[in-house]
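What follows is each chain in one-letter form.
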Amino acid sequence: MTLAPCLPCARIIYTTGIKKVIFRDSYAAYKGIEVEEGVDFLRRFGVEVSHFPKEEKK
Ligand SMILES: [Zn+2]
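Conventions and cut-offs
- Residues numbered from 1 in each chain as written.
- Predicted model: local features only at pLDDT ≥ 70, side-chain atom pairs only at ≥ 80, totals over all residues.
- Buried ≥ 20, exposed ≤ 12 C-beta atoms within 10 Å, placed from the backbone.
- Helix = DSSP H or I, 4+ residues; strand = E, 2+ residues; numbered from the N terminus.
- Arc of directions from axis to C-beta.
- Contact = placed C-beta atoms within 7 Å.
- pLDDT = per-residue confidence, 0-100.
- Core = buried A, V, L, I, M, F, W, Y, C linked by C-beta atoms within 7 Å.

**As for helix H3 (residues 37-44)**
Structural remark: α-helix, 3.6 residues per turn; residues separated by three or four positions point the same way. Listed as buried for H3 are Gly38, Val39, Phe41 and Leu42. Each buried residue of H3 sits inside an arc of 160° when the element is viewed along its axis, so together they form one side. Where the residues of H3 are buried, they touch helix H1 (7-15), strand E1 (20-23), helix H2 (27-31) and strand E2 (48-51). Phi for Gly46, located one or two positions after H3, is positive at around 85°.

**Brief notes about the confidence of the model for the protein chain**
Taken over all residues, the pLDDT of the protein chain has a mean of 86, while the share at 70 or more is 91%. Averaged pLDDT values over the elements of the protein chain bottom out at 74 in H2 and peak at 94 in H1.

**Details of the nonpolar core**
The nonpolar side chains of a soluble globular protein tend to be buried, and buried together. Residues Ala4, Ala10, Ile13, Val21, Tyr27, Val39, Phe41 and Leu42 constitute the largest nonpolar core, which totals 8 residues. Among the secondary structure elements, those contributing two or more residues to this core are H1 and H3. Per element, the largest residue contribution to this core is 3 residues, and it comes from H3. For Ile13, the residues in contact, after removing those within four places along its chain, are Pro5, Ile18, Val21, Leu42 and Val47.

Below, the structure is given as structure tokens:
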């Protein structure tokens, strides 16, 4: 996914049994809030969350 999961999406991801999430853009930065609550939620429940910055297109 391109955007970090928000909290409702994080819950869905967790309940579907996904073990690893890779996102490109920060949801917190997108929403202008301090905490990455979806990411925090997933990490707390043992889901691996990785952030891959946007790739430059050449
Ligand atoms: Zn969402």
